[in-house]
Amino acid sequence: MGKILVTGGTGFIGSHTAVELINAGYEIILVDNFANSDRKILKQLETILGQQPEFTELDLCDEAKVKEFAAAHPEITGVIHFAAYKAVGESVQQPLKYYRNNFYSLINLINAFDSKIDLVFSSSCTVYGQPDKLPVTEDAPVKKAESPYGNTKQIAEEILTETCAVTPSLKVTSLRYFNPVGAHESALIGELPIGVPQNLIPFITQSAIGKRGPITVYGNDYNTPDGSAIRDYIHVVDLAKAHVAAIKRMENGQATSNYEVFNLGTGKGTSVLEIIGAFEKSTGAQLNYTIGARREGDIEQVWGDVTKSAEQLNWKAELDINQMMSSAWAWENYIKDNPF
Ligand code: WQD
């Protein structure tokens, strides 16, 4: 097994995947340009791992630099590509920033390794939009994305499908994440939103710790049991382990084609109000919330069919909603006492 490159390696999912790769015995190298992460994560990883992972600061939009990096690292046989902008709301305001960054980085990466690489691509359940049937399977129709962010995921999957069809040396596994939440058990790494959190869980933990006011529940008039929207929340450590399984599958020649797609969820839907209840129960923290209007672009309910991941990726999520909530809370308390 060769060295694995983790792009966006100091980010939320990238840093957790770095830990699981090392735990699985891989040699890794991380690259990041710190556009949406903090250099201090490297020290945190050193504390968790007892060694600082190899790191190069790199902007994947710089074609020449990426080519130079790949030429200097012939030992790299696999890439896990996280580096991308991912804020739905920001992508609506700045579409060109999202299309440029998310496509230049992907294309530069594949070209720099001359398409001779095993690539794990960070995709999203966003590509499904509001599925007609739940739980949603990987062969469900892809629907027109509600945001440029979601569109970059859909188009990236098309770029990869069409390139793999004519490039046998390029093996790709697209992993469609549902909602990644929680933090490593050490509470030394976790989600580090810059500015006001867009996502539900970081907003909840910041509200609970007194950094933010009450949570606004974006709509309780959906056609769901308690009226609030339903998502498939998955612990970030479970998600990280799925990336190791995907690299292993390609390395061992078990992939049935050179382009495969897997859902990464728990197979279980949880509503916003249920999340609030689970957070209070598992942490003992009191949450204040108000009911507000629906958020533009939100879908009503989605959760994944994870049969294919269990059967072919030999992976399934193991951590439950209480572990997601308590680990997120431990991380929020850690950054309160150790501000980045
Ligand atoms: C979850 C639910 C909100 C905040 C997005 C991307 C997805 C992935 C995860 C990158 C929704 C509700 C939220 C709040 C609320 N991105 N909510 N009050 O929108 O499901 O998914 O982030 O990997 O690709 O699409 O996640 O956490 O923003 O929202 O009621 O203050 O919580 O309406 O129902 P989302 P989210």
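Everything that follows concerns the structure shown earlier in this document.
Worth saying up front: this structure is predicted, and the values here are computed from it rather than measured.

Draft legend 1. Summary view of the site of the ligand. Contacts to the ligand come from 18 residues, most closely from T126, L200, T216, R231 and D298. In this structure, an oxygen atom belonging to the ligand sits 2.7 Å away from a side-chain N or O atom of R231. Between D298 and the ligand, the recorded distance is 2.5 Å, taken from a side-chain N or O atom to an oxygen atom. Coverage of the ligand by the protein chains reaches 91% of its 690 Å² of free accessible surface. The greatest single-element share of the shell around the ligand, amounting to three residues, is contributed by strand β8 (residues 215-218).

Draft legend 2. Representation of the side chain of T167 within the structure. Among the secondary structure elements, T167 is positioned in the loop between α6 (148-165) and β6 (170-177). Given the relative accessible area of 15%, T167 is considered buried. Looking at T167, its side chain comes within polar contact range of the main-chain oxygen of T163, at 2.6 Å. Beyond its immediate stretch of four places on either side in the chain, T167 contacts S115 and N258.

Draft legend 3. Representation of the pairing of strand β3 (residues 54-57). Here strand β2 (residues 28-32) pairs with β3 via four bridges, running parallel. The partner of L30 across the bridge, within β3, is F55. Assessed by its sense of winding, the connection that carries the chain from β2 through helix α2 (residues 41-49) to β3 is right-handed.

Draft legend 4. Broad picture of the environment of P180. Mapping P180 onto the fold places it in strand β7 (residues 179-181). Residues in contact with P180, not counting those within four places in the same chain, are F12, I13, E191, I234 and L239.

Draft legend 5. Region of interest: the nonpolar core. Membership of the largest hydrophobic core comes to 37 residues, with the highest contact counts inside it found for L21, I28, L45, L175, L264, L313 and W315. For this core, the secondary structure elements donating two or more residues are β1 (3-7), α1 (12-23), β2, α2, β6, α8 (236-251) and β11 (259-264). If one sorts the elements of this core by residue count, α8 sits on top with nine residues. The contacts of W315, once residues within four sequence positions are left out, are I234, D238, K241, A242, A245, N263, L264, G265, S309 and A310.

Draft legend 6. Quick peek at the sheet that holds β2. Pairing is parallel across the open sheet formed by seven strands, whose spatial order is β3-β2-β1-β4-β5-β6-β11. Each end of this open sheet is capped by a strand with a single partner; those strands are β3 and β11. When the angles between neighbouring strand axes are averaged without regard to direction, this sheet yields 20 degrees. Pairing of β1 with β2 involves four bridges; the strand directions are parallel. Bridge pairing links I4 to I28 in β2. Along the sheet face, helix α5 (residues 95-112) touches β1, β4 (76-81), β5 (117-124) and β6 and points at about 170 degrees away from the line of β4.

Draft legend 7. Geometry of the environment of L319. As for its placement among the helices and strands, L319 is situated in the loop between α10 (307-313) and α11 (321-337). Residue L319 is classed as partly exposed on the basis of its relative accessible area of 25%. In sequence terms L319 and K3 are 316 residues apart; their C-alpha atoms lie 28 Å from each other. When near neighbours in sequence (up to four residues on either side) are disregarded, L319 contacts H235, V237, D238 and M324.

About the criteria used
Residues numbered from 1 in each chain as written. Predicted model: local features only at pLDDT ≥ 70, side-chain atom pairs only at ≥ 80, totals over all residues. Heavy atoms only, no water. Near = heavy atom within 4 Å. Polar contact = N/O pair within 3.5 Å; in protein donor to acceptor, adjacent residues only side chain to side chain. Areas by Shrake-Rupley, 256 points an atom, 1.4 Å probe, with all protein chains shown as cover. Helix = DSSP H or I, 4+ residues; strand = E, 2+ residues; numbered from the N terminus. Buried < 20%, exposed > 50% of the residue type's maximum accessible area, 1.4 Å probe, protein only. Contact = heavy atoms within 4.5 Å. Pairing = 2+ DSSP bridges. Right-handed = clockwise from strand over helix to strand, strands pointing away. Core = buried A, V, L, I, M, F, W, Y, C linked by side-chain atoms within 4.5 Å. Axes fitted to C-alpha atoms, helices over the stretch in contact; angles between N-to-C directions.

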